[in-house]
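Descriptive structure summary
Given next are the chains, with one letter for each unit.
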Amino acid sequence: MMADDGLFGELPEQSARTEAVPQGAPRLREPVRNQVELRAVDIDSLIGQDHPARVIWAYVEGLDLSELEDRVKARENRPGHPAPSPRLLLALWLYAASDAVGSARALDRLCDSHDVYRWLCGGVSLNHHGLSDFRVGCADLLDRLLVEHLVALNEAGLVDLEKLTQDGVRIRANAGTGSFRREATLDRQMAQAEAIVEELKREVDADPEASNRRIRAAKERAARERSERVQAAQAALAEIKRKRKQLDDKGGNGKKPKEPRASTTDPQARVMKMADAGFRPAYNVQVASAAGELIVVAIDVDNSGSDRGLMRPMLERTRARLKRLPRRYLADGGFCTGDDIEWAHGEGIEVYCPPPQSRSGVDPFLPRSSDGPGIAAWRARMASEAGKAQYQARTICECIHARWRNWDLRQLTVRGIEKVRAVVLWYALTNNILQGHRLAKA
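Bear in mind that the values here come from a model prediction, so they are computed numbers and not experimental data. (Residues numbered from 1 in each chain as written. Predicted model: local features only at pLDDT ≥ 70, side-chain atom pairs only at ≥ 80, totals over all residues. Heavy atoms only, no water.)

Description of the confidence of the model for the chain
On average, the chain scores 85 in pLDDT, and the residues at 70 or more come to 90%. The secondary structure element of the chain with the lowest average pLDDT is helix α1 (residues 2-8), at 57, and the one with the highest is helix α4 (residues 86-98), at 95. (pLDDT = per-residue confidence, 0-100. Helix = DSSP H or I, 4+ residues; strand = E, 2+ residues; numbered from the N terminus.)

Dropping the structure here:
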């Protein structure tokens, strides 16, 4: 013990409690997003081998697009920036239809940020103006491609074009209900628009300042476009009156007509009763398809709120494109008109369409003295069990409309029947490409 005291006797006494050592700030890895990175990316590995985009690209690779390529102004040994390949633009919009993308601006953004669209682009830069113009500018080409694809499916034995169905779907127009105006309002707006255009023209000519002239010229252009829209609405109103007069000459429909109105936003749109029983501006899209298969044969766009009388125009459109008529044609009761059924009978077509119920309670299947040979054969056909069994194949055609709604074809982003027809053709061709691929694999 004495030895220990000699060795450690001068050491300071240790306190019972020790002070805590202060801790430094934690070391963390925070994201730094303003740094520049260089990455090696294999574009072809961005999507799987069985991705639908590859199916669409394989389809467009085999197409003859010389009519689109001939429109390109940039040529070898001549000045001009190279244009995006029409094959690429076609593939982009076909895949966009199946991906619920209906806006050129949205598609432009996806081409920079989404792997599937980056794979399709393969490093080609695009802009929304060119995408938008291409979407509505090649309806005739899409119509031809739809027919060629149908013929190929038919020759491969995947689709039977002897039995077709027809159904209509109403798609919301790019116009508000409040844009519809009566004749007196349109006349007043037309006079106001013309007065504004004339006043702005005088101000542009008299203003010595170039900047102000440009501003006023822009206002003049806006006023002129407004005047053109009102003028188009007046023309649409005259067409509505003409059709109403034709209906009145035939005896009318028993209802007191309301004063006609036309839209200043989309003059060709009409207020229609929609699937939810509401009334909104819309277009009536008619679709002919192969019975029992989800394959579109032809499409047409109408602004009539009723399907009556639209059977014959669709059959004539089908004959003009396919150079043939079906042997059997299935449609719901809304298409039934005696004239169409008699015409189809004369062309050798068996129409399967349920007759409407009579208000007097008379059996609609019983023959009548006024029936022509086509109507008589149709009543007997629909009264038979074999006819009812044939008609059952019609219901599957409504799955095409359901697929389009899943692809968000609920409201249009374009205006006018011709542009609407071009947009619907994109969805029709995309549907056939993907469905045809499934049938070929089955």
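Regarding unusual backbone geometry
The backbone of A100 sits at a positive phi, close to 60 degrees, despite the residue not being glycine. Structurally, A100 is set in the loop between α4 and α5 (104-113). Although it is not a glycine, D408 adopts a positive phi angle of roughly 70 degrees.

A few points about the pairing of strand β6 (residues 296-302)
Strand residues, when the strand is regular, have side chains that alternate between the two faces of the sheet. Of all 7 residues in β6, 6 are buried; the element is thus mostly enclosed. Bridging between strand β5 (residues 279-290) and β6 involves 6 bridges; their strand directions are antiparallel. Within the sheet, the bridge partner assigned to Q286 lies in β6 and is D300. Where β5 folds back onto β6 in an antiparallel hairpin, the turn is made up of 5 residues, including G292, whose phi is positive at roughly 85 degrees. (Buried < 20%, exposed > 50% of the residue type's maximum accessible area, 1.4 Å probe, protein only. Pairing = 2+ DSSP bridges.)

Things to note about the pattern of salt bridges
According to the stated counting rule, one finds 16 salt bridges in the structure shown. In this structure, the salt-bridge partner of R421 is D143, at a minimum N-O distance of 2.7 Å. You can see R421 sitting in helix α16 (residues 417-441) and its partner D143 sitting in helix α8 (residues 139-155), a full 278 residues away along the chain. Pair check on accessibility: R421 and D143 agree, each one buried. Note that E316 and R312 form a salt bridge whose closest N and O atoms lie 3.0 Å from each other. You can see E316 and its partner R312 sitting in helix α11 (residues 311-322), 4 residues apart, about one turn around the helix. On the accessibility criterion, E316 (34% relative accessible area) is partly exposed. (Salt bridge = Lys/Arg side-chain N within 4 Å of Asp/Glu carboxyl O.)

Let's talk about the state of the cysteines
In the structure shown here, the tally under the stated rule is 1 disulfide. Each sulfur of the disulfide joining C336 and C353 lies 2.3 Å from the other. Here the residue C336 occupies a position in the loop between β7 (328-331) and α12 (338-346), and C353 occupies one in the loop between β8 (350-352) and α13 (373-383), the gap between them amounting to 17 residues. Each of the two residues, C336 as well as C353, counts as buried. (Disulfide = S-S within 2.5 Å.)

A closer look at the layout of surface pockets
The computed volume of the second largest pocket comes to approximately 490 Å³. Lining the second largest pocket are 20 residues, and of these A83, P84, L89, G130 and F134 sit closest to its centre. Looking at the lining of the second largest pocket, the elements with two or more residues in it are α4 and α7 (128-136). Looking at the lining of the second largest pocket, the element that brings in the most residues is α7, giving 4 residues. Tallied by class, residues from the lining of the second largest pocket come to 12 nonpolar, 5 polar and 3 charged. (1 Å grid on protein atoms, 1.4 Å probe; cavity = no way out; pocket = protein on both sides within 12 Å on 5 of 7 lines; lining within 4 Å. Points joined across faces, edges and corners; volume = space filled by probe spheres on them. Nonpolar A, V, L, I, M, F, W, Y, C, P; charged D, E, K, R; others polar.)

Topic: the nonpolar core
Of all hydrophobic cores here, the largest spans 66 residues; its most connected members are L90, L92, L94, L107 and W404. Counting residues per element, this core draws most heavily on α16, which supplies 12 residues. When neighbours within four sequence positions are excluded, L107 is seen to be in contact with L92, W93, A96, V101, Y117 and L131. Ranked by size, the runner-up nonpolar core spans 34 residues in total, among them Y329, W343, I349 and M382. (Core = buried A, V, L, I, M, F, W, Y, C linked by side-chain atoms within 4.5 Å. Contact = heavy atoms within 4.5 Å.)

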